[in-house]
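Each chain, letter by letter, is given below.
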Amino acid sequence: MEDLMRKLGEAKKHIESKTGAAKIDVALVLGSGLGGLADEISDPVIIPYAEIPHFPVSTVPGHAGRLVIGKLEGKTVLCMQGRFHFYEGYEMDQIAFPVQVMRMLGIGKLILTNAAGCVNTSWNAGDLMLITDHIKLAPQSPMRGHNEEELGPRFFDMTRAYDPALKVMARRAAEKLGINLREGVYMFFSGPNFETPAEIRAARILGADAVGMSTVPEAITASHCGMKTLGFSCLTNMGAGILDQPLGHEEVLETGLRVKNQFTALIRAMVSEI
Ligand code: HPA
């Protein structure tokens, strides 16, 4: 991947040709059901992924697949409306690419959002969770292979992968809105199958509060290139086997829709604090 820097440079140049190289305060990655927030951005510059050199293209229905850059809560934001998942067949380095482009654009802060299964049995579907840390036992890493020293070091710290100061802001934002924001550990599963009940029990024993199929590759990439990251999960369903019923994508979408306004308000409040 010696030409990674060239590819990143070409993607950056294309984006800047549309935005006039405006300084961007924060980047947002919108998970399932949350894409609508991008439509609330004012004076938007919209760039379909297909148009950006070397960008992967989204395949999932309901994932729009475009960057929306503009104003939200008085801040300039760059929003990924639709993200890339490992289960879609993308390689980890493809999932890393958009985050590395953000860094190239000079963006220092990243808010990641997702829909996740709830592993903590004291909580409920519909709860929102601040990601305090993560677990990834899947062997693939977005930083595997040649290391681009210009982006970050070969071996890099993950002790503050979810930025302490941003977490403080998130708690404050939730408090202001009267949201009972849970805090916990997100465990990555590569999907696309939901977990088995035994995997959910194992995740709980390992210290996970939520499980999902995204966010972690992006958070690792952001840590590598020195971006401050924050993550929120919408716990759309209880993890497999907790309730005596099968799990489906419909439930994920339904709950997402039910708490969308609250989730959106939280992200907005967070952006205004940044
Ligand atoms: N497991 C994994 N990913 C998910 C889930 C789940 O239960 N719900 C929403 N995304």
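Everything below is about the structure shown above.
Residues numbered from 1 in each chain as written. Predicted model: local features only at pLDDT ≥ 70, side-chain atom pairs only at ≥ 80, totals over all residues. Heavy atoms only, no water.

Could you clarify how one ought to interpret the pattern of salt bridges in this entry?
A side chain of one charge can pair with a side chain of the opposite charge when the charged atoms of the two come close. Within this structure, the stated rule accounts for 13 salt bridges. Among the salt bridges present, the one from Arg 6 reaches Asp 3, with a minimum N-O distance of 2.9 Å. Owing to a relative accessible area of 42%, Arg 6 belongs among the partly exposed residues under this scheme. You can call Asp 3 partly exposed: its relative accessible area is 29%. The shortest N-O distance in the salt bridge between Lys 12 and Glu 16 comes to 3.6 Å. Taken together, the residues span about one helical turn, with Lys 12 and Glu 16 both in helix α1 (residues 4-19) at a distance of four residues. Residue Lys 12 is classed as partly exposed on the basis of its relative accessible area of 24%. It is possible to trace a salt-bridge network through shared partners that takes in Asp 3, Arg 6 and Glu 10. (Salt bridge = Lys/Arg side-chain N within 4 Å of Asp/Glu carboxyl O. Buried < 20%, exposed > 50% of the residue type's maximum accessible area, 1.4 Å probe, protein only. Helix = DSSP H or I, 4+ residues; strand = E, 2+ residues; numbered from the N terminus.)

Sorry if this is basic, but what is going on with the environment of Val 45 here?
With respect to the element layout, Val 45 can be found in strand β2 (residues 42-48). Residue contacts for Val 45: discarding those within four places in its chain leaves Lys 18, Thr 19, Leu 67, Val 68 and Ile 69. (Contact = heavy atoms within 4.5 Å.)

What should I look at first to understand the side chain of Thr 215 in this one?
Structurally, Thr 215 is set in the loop between β8 (210-212) and α5 (216-224). There is a polar contact of 3.1 Å between the side chain of Thr 215 and the side chain of Ser 214. Sequence-distant contacts of Thr 215, defined by excluding residues within four places in its chain, comprise Arg 83, Leu 112, Thr 113, Asn 114, Ile 131, Tyr 162 and Tyr 186. (Polar contact = N/O pair within 3.5 Å; in protein donor to acceptor, adjacent residues only side chain to side chain.)

I keep staring at the site of the ligand and nothing clicks. Help me out?
All residues adjacent to the ligand are Ala 115, Ala 116, Gly 117, Phe 194, Glu 195, Val 211, Gly 212, Met 213, Thr 236, Asn 237, Leu 247 and Val 252. For the ligand, a nitrogen atom lies 3.3 Å from a polar atom in the backbone of Ala 115. Of all the secondary structure elements, the ones that give two or more residues to the shell around the ligand are β5 (109-118), β8 and β9 (228-238). Counting residues per element, the shell around the ligand draws most heavily on β5, at three residues. Residue composition of the shell around the ligand, by class: seven nonpolar, four polar and one charged. (Near = heavy atom within 4 Å. Nonpolar A, V, L, I, M, F, W, Y, C, P; charged D, E, K, R; others polar.)

Could you clarify how one ought to interpret unusual backbone geometry in this entry?
Generally, phi is negative for residues other than glycine and the peptide bonds are trans, each holding for most cases. Gly 191 connects to Pro 192 through a cis peptide bond whose omega is 5°. Structurally, Pro 192 can be placed in the loop between β7 (182-188) and α4 (197-206). The phi torsion at Thr 215 lies on the positive side, around 70°, for a residue other than glycine.

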